[in-house]
Amino acid sequence: MATLTKKQKDFTSGPMFSKMILFTLPVIATSVLQLLFNTADTFVVGNWGGATPEAREAALAAVGSCGSLTSLLTGLFLGLSVGAGVTVAHAIGAKNEREIGKTVHTSVVISLICGIVVSVFGIIFARPLLSLMGTPPTVLDEAAPYMRACFCGMTANMLYNYCAAILRSTGNTMGPLFFLSVAGVVNVGLNLVMVLVFHMGALGVGIATAASHWVSCILVVTYMMRMDGPCKIEPRKLCISKPQLRKMILIGLPAGIQSTLFAISNVTIQASINSFHSNAVIAGNTAASNLDSYVYFAQNGLYHTALTFVGQNLGANKYERVKKAIIYALLCVCVVGILLGTTVFLFGRPLLSIFNDSPAVVDAGMVRLTYLCLPYFLCGAMEVGSGTLRGLGKSMTSMIISLIGACFLRLLYLATVFKMLHTTRVLYLSYPLSWILTTIALFLFVFIELRRWKRTMT
């Protein structure tokens, strides 16, 4: 029987805090590295994506206008990758290697099916969907080809994310970091070639993005086909195991639905940004979202930490270690959020000017940074609460709370308060208000679930 390799770590014993730090740092590095390459996309198109300042501003707005819509189309299926990771984590805690192998091969098949469906849909309906969002005509002609190009790599991106989730659940966070590093270098190189040499603007950036997805996919699949242990991919074993798929769906589908409805909320906010009918506001929002994304994804690394450590120790039935994992993750995410959020805000103007030095674009970007970066630690706490509930197997509870607090109330706010006070400041205030309410509710249910679990153990 296959055994866990050294890269497939057991977090159910030994010192916890040091293991959490060693697990989290590569996850954060992976996310930040990915953002650096995304920032390079924005930097290249914002500075050289057109022959005139107006053309460059439109190209930058085109890239930014697609992000929330892409998340909407991919969120449901990527949520299932969370289910795959948690299922593997539970199996590792329970030392059930047969279940690990079945989950891995089921995940590969499901990710390929989901990826193909999303790719075809995104390529066909890119322009109509962007039009429904109210994307200005000056932006739409560049945004639609960019989005279609990105979706040419979506199948690869889907498979990579499923495999990366599985590797992280085993404690192997360095592999995804390396694969993404190589793909990112390819992305930046192709960006420069497509924009500077072939003058393809936003479309060139989209082609580079799709190519980088295929590079990271090929690397992670090749690695998992050559590795030892129960997580090894063997083509002859590729099939859908119904028990594993059922568990993946029970845990991952709520995460996917949550991600999708969150994306609907973000699409609505992007449409609200578009409603100002200003390329400067759209471009400023795009640049600022690139910056505040560093704060978000650094904190999101603690989401994966809570998910994995809680999941493994739940599988091993170790109550005290689950409590420690939650406390450590919450303390770490608050420190990271406060330090990074404050830093990005303080250096906001020079950082925004890197993307586009138009005063109107910089001013618009600073409004977003003011309302998102300073209180961003609240979003991090919300992510840890959500990851904790999923690690405890309560993915549906996490979904319901998050949807009510960070989606429904945000949409209600947009339909009422923002409609009466139509300013970007009022718009961005919807974020911290929803984070506060959702975080309180999530940790209330974490406390309830821990008490229920403790009673079943006595």
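What counts, and where the lines are drawn
- Residues numbered from 1 in each chain as written.
- Predicted model: local features only at pLDDT ≥ 70, side-chain atom pairs only at ≥ 80, totals over all residues.
- Heavy atoms only, no water.
- Buried < 20%, exposed > 50% of the residue type's maximum accessible area, 1.4 Å probe, protein only.
- Helix = DSSP H or I, 4+ residues; strand = E, 2+ residues; numbered from the N terminus.
- Phe/Tyr/Trp six-rings, centres within 6.5 Å; stacked < 30°, edge-to-face > 60°.
- pLDDT = per-residue confidence, 0-100.
- Contact = heavy atoms within 4.5 Å.

Participant: Explain unusual backbone geometry here, please?
Facilitator: Comment: phi is negative for the bulk of residues other than glycine, and the bulk of peptide bonds are trans. The backbone of H199 shows a phi angle near 55 degrees, a positive value even though the residue is not glycine. Owing to a relative accessible area of 65%, H199 belongs among the exposed residues under this scheme. One non-glycine residue with positive phi stands out, namely N317, at about 60 degrees. Topologically, N317 is positioned in the loop between helix 9 (279-315) and helix 10 (319-346).

Participant: I tried to follow the packing of aromatic side chains on my own but got confused; where do I start?
Facilitator: Per the stated rule, a full pass over the model turns up 10 aromatic pairs. Judged by centre distance (5.2 Å) and plane angle (75 degrees), the rings of F17 and Y328 are edge-to-face. Taken together, the residues span a long stretch of sequence, with F17 in helix 1 (residues 16-48) and Y328 in helix 10 at a distance of 311 residues. The class for Y328 is partly exposed, based on a relative accessible area of 26%.

Participant: Could you clarify how one ought to interpret the confidence of the model for the chain in this entry?
Facilitator: Should the pLDDT be low somewhere, the predicted coordinates at that spot are not to be read in detail. Scored by pLDDT, the chain comes out at a mean of 85, with 97% of its residues at no less than 70. Looking over the chain, one finds the lowest element-wise mean pLDDT in helix 2 (residues 53-93), namely 76, and the highest in helix 7 (residues 201-226), namely 93. A low-confidence stretch, residues 1-6 (pLDDT under 50), is modelled with 14 contacts involving residues beyond four sequence positions or located in other chains.

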